[in-house]
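Here's the letter readout for the chains.
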Amino acid sequence: MYSIEIISSEICDFLRTNVLAEGVSFDENTPLSLLGIDSFSIIEMLLFIERRFNIIVPESELTPDNLKSVAALARCIQINVPGG
Amino acid sequence: MSREVDIQASSNNIPGYVRLTGGDFFNLAMELGTASPTPPANICRLILHLDGHLDARLLREAVRNTGTEDWLANARWSRPIPFFIPRWKVNGSKNGFLIHENNINEEGPRELPRSVLSRKVSPFSPPAFAFDIIYYPSGKSSLVFTWHHALMDARGAEMLLTYIDRLGNGKGTGQPILFDRPPTLKEDVSTWLRFLVRSYFARKAIHTAARYCRAPIATIETTELRRGKDQGYRIFSFDREETALIDHACIRSVANFRISIHYLAATIRALDKVIYSRGCKPAAYVVPVPQDTRKRGSLGPVFGNQITFLFFRAEQEDISSMNRLVRVLVKQMTDQIRGMTPESFTTTMELFRNLPMGIFSLQAAGPTKGQIASLFFSFPGETCPDLDNFLNIPVLEALHLPPVSVPPGLSIIFNRYRGGISIVLSFVEGCLDPEELDLLEVSIRKELMNEDSH
């Protein structure tokens, strides 16, 4: 079981390293839409979560609310996903 | 009516040459290897409809401020030594690039004059870029930026116009990265080891492409089209409310947050209706979809194609319902991202730069005799997201007019600007008759709303 903070922090690190340009400032509460995160990047992020935490986020949990920000996604994983 | 305004070239700390990116080389090779000479394949246009008069002198000054006018006027292809990576270079001439001014008598911001539509740009005999300003009786105007796809992709063009606007306004948003990182010439053991690893990924990518592109492929093209016709296009739009409904339809469907898959599935099903109406033999739909490889929020590179591809293939039985088609496409997308296929394509395109273009064309298009797609489809995301005004004139609409080549004779792009969608169907004239165009438009509208599916 991972804490929301750990999940958030690791997803943010992943985005910072692999998806977002150097110098883009954001935190776990920044709306993903403002960062230009498209469906391609969301899938990359979900595959990272699958690899890193061994968690598959069910399709039913991938709602606009849960994909609003890293914090929202981490919260959803921690509460709803077995192993999260 | 057309008037030309000359701009003298100069250089401001811009390199004299840069190496082609893998995407540049891909675009050139595919054009030389598979497309007919006319209509001009691979010519892109970005159109800004402006709520006021754009002064050509103001635009000239703004472009000068960017320091890119020598590249815009004189950039051309060159391969200094056989089997070395080809370059884009400026030829050192003092040719200025041209801004064409066009006055038209009728209001109709979506009707481009034939002179604009047939503007010639080429990577082999400069210029490869052109600006047109169209003036309307109402006092509004349009800026049409035309460029050859081998030198720049859609996002690069948006960045360039944004950069021109910022410098024209003296806003100074920081220096963008105009070109990709300069190459390192170091050749050692690690270089060759990397080469071997990259070769492995390249083989994997070629294998994937061959699997997705196997014949027979559904197409609207007929043999006579290869002789070349003019480019035609149709634009239709959805206002904010309609676009919100489409977004909602997407979210409550199997596509969920994958809006590009929703658009693609709707397009494939609509095209299938057209091909079915012709009584053609059923075949699979193959669609390569370009993907921007820049990191999100980056300032560049502006020049050079920074694209890779995802390949999609839909068999006839997959098209029977929107939900089934979306499921198939979602799986293909996820599998390719998981398998790092886009990265493998980038590697492949980069490796092939050393070879004569004919070899690349043969590899890419040989198995299907040049037929590598049912259509070209693109959704580059929000169009010009940072451009509410251009040189202090409000922007009413920003849209891309995609290039079209034969095969496949049809390109479709989804533009989103300020919460509304504009779809551009770009086709080789004669390959779709007016009734088929109507059917395509009506079907795309219905499918996007999920009105006629499942």
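Owing to the predicted nature of the structure, the values given are computational and were not obtained by experimental measurement. (Residues numbered from 1 in each chain as written. Chains lettered and ligands numbered in written order. Predicted model: local features only at pLDDT ≥ 70, side-chain atom pairs only at ≥ 80, totals over all residues. Heavy atoms only, no water.)

Student: Hey, could you run me through helix α2 (residues 39-53) of chain A in this one?
Tutor: An α-helical turn contains 3.6 residues, so any two residues separated by three or four positions project in the same direction. Residues and elements named next belong to chain A. Here α2 is 15 residues long and its end C-alpha atoms lie 21 Å apart, about the 21 Å a rise of 1.5 Å per residue gives. Most of α2 sits inside the fold, with 12 of its 15 residues counted as buried. At the C-terminal side of α2, Asn54 shows a positive phi close to 60°. (Helix = DSSP H or I, 4+ residues; strand = E, 2+ residues; numbered from the N terminus. Expected span 1.5 Å × (residues − 1). Buried < 20%, exposed > 50% of the residue type's maximum accessible area, 1.4 Å probe, protein only.)

Student: Please clarify how the domain arrangement of chain B should be interpreted in this entry.
Tutor: Many authors give the size of an interface as the accessible area that is lost as the parts come together. Residue and element names in this part refer to chain B. According to the domain assignment, chain B contains domain 1 (2-168) and domain 2 (190-381 + 404-448). Listed as interface residues are 47 residues of domain 1 and, on the opposing side, 43 residues of domain 2. Counting the surface lost from both domain 1 and domain 2, the interface buries some 3,600 Å², and carbon and sulfur atoms represent 61% of this. Across the domain 1-domain 2 interface, the total number found is two salt bridges. For Glu429, the salt bridge identified is with Arg114, shortest N-O distance 3.7 Å. Where domain 1 meets domain 2, there are 12 residue pairs in polar contact (both at pLDDT 80 or more). Those elements that place two or more of their residues in the side of domain 1 that touches domain 2 are α1 (22-34), α3 (69-74), α4 (114-117) and α5 (154-168). The residue inventory of the side of domain 1 that touches domain 2, partitioned by class, reads 26 nonpolar, 12 polar and nine charged. (Domains from an automatic or database assignment. Contact = heavy atoms within 4.5 Å. Buried area = accessible area lost by both parts, 1.4 Å probe. Salt bridge = Lys/Arg side-chain N within 4 Å of Asp/Glu carboxyl O. Polar contact = N/O pair within 3.5 Å; in protein donor to acceptor, adjacent residues only side chain to side chain. Nonpolar A, V, L, I, M, F, W, Y, C, P; charged D, E, K, R; others polar.)

Student: When you look at the confidence of the model for chain A in this model, what are you seeing that I'm missing?
Tutor: Do not read the fine detail of predicted coordinates wherever pLDDT is low. On average, chain A scores 91 in pLDDT, and the residues at 70 or more come to 95%. For chain A, the element scoring lowest by mean pLDDT is helix α3 (residues 70-80) of chain A, at 91; helix α1 (residues 4-19) of chain A scores highest, at 95. (pLDDT = per-residue confidence, 0-100.)

Student: For this particular structure, what's the right way to read the environment of B:Trp88?
Tutor: Residue and element names in this part refer to chain B. With respect to the helices, strands and loops of the structure, Trp88 is situated in strand β5 (residues 87-90). Remark: the alpha-carbon pair of Trp88 and Leu151, spanning 63 residues in sequence, is separated by 8.2 Å. In terms of polar contacts, Trp88 uses its side chain to reach the side chain of Asp24, at 2.9 Å.

Student: Help me out: how do you make sense of the packing of aromatic side chains in this one?
Tutor: Any two aromatic rings considered together are summarised by their centre-to-centre distance and by the angle between their planes. Residues and elements named next belong to chain B. Using the criterion set out here, one finds 17 aromatic pairs over all chains in the structure. Centre to centre, the rings of Phe236 and Phe238 are 6.3 Å apart; their planes meet at 65°, and the pair counts as edge-to-face. Accessibility assignment for this pair places Phe236 and Phe238 in one class, buried. Centroid distance Phe311 to Phe345: 5.2 Å. Interplanar angle 35°. Geometry classified as tilted. With Phe311 in strand β11 (residues 307-314) and Phe345 in helix α10 (residues 341-351), the pair connects residues that are 34 residues apart, well separated along the chain. Grouping residues by exposure puts Phe311 and Phe345 together as buried. One aromatic cluster is present, formed by Trp71, Phe97, Phe129, Phe131, Phe145, Trp147, Phe179 and Phe303 through successive ring pairs. Directly above the ring of Tyr17 sits Arg87, whose terminal nitrogen or CZ lies 3.7 Å from the centroid. Over the face of the ring belonging to Phe238 we find Arg445, whose NZ or CZ atom lies 4.8 Å from the ring centre. (Phe/Tyr/Trp six-rings, centres within 6.5 Å; stacked < 30°, edge-to-face > 60°. Lys NZ or Arg CZ within 6 Å of the ring centre and 35° of its normal.)

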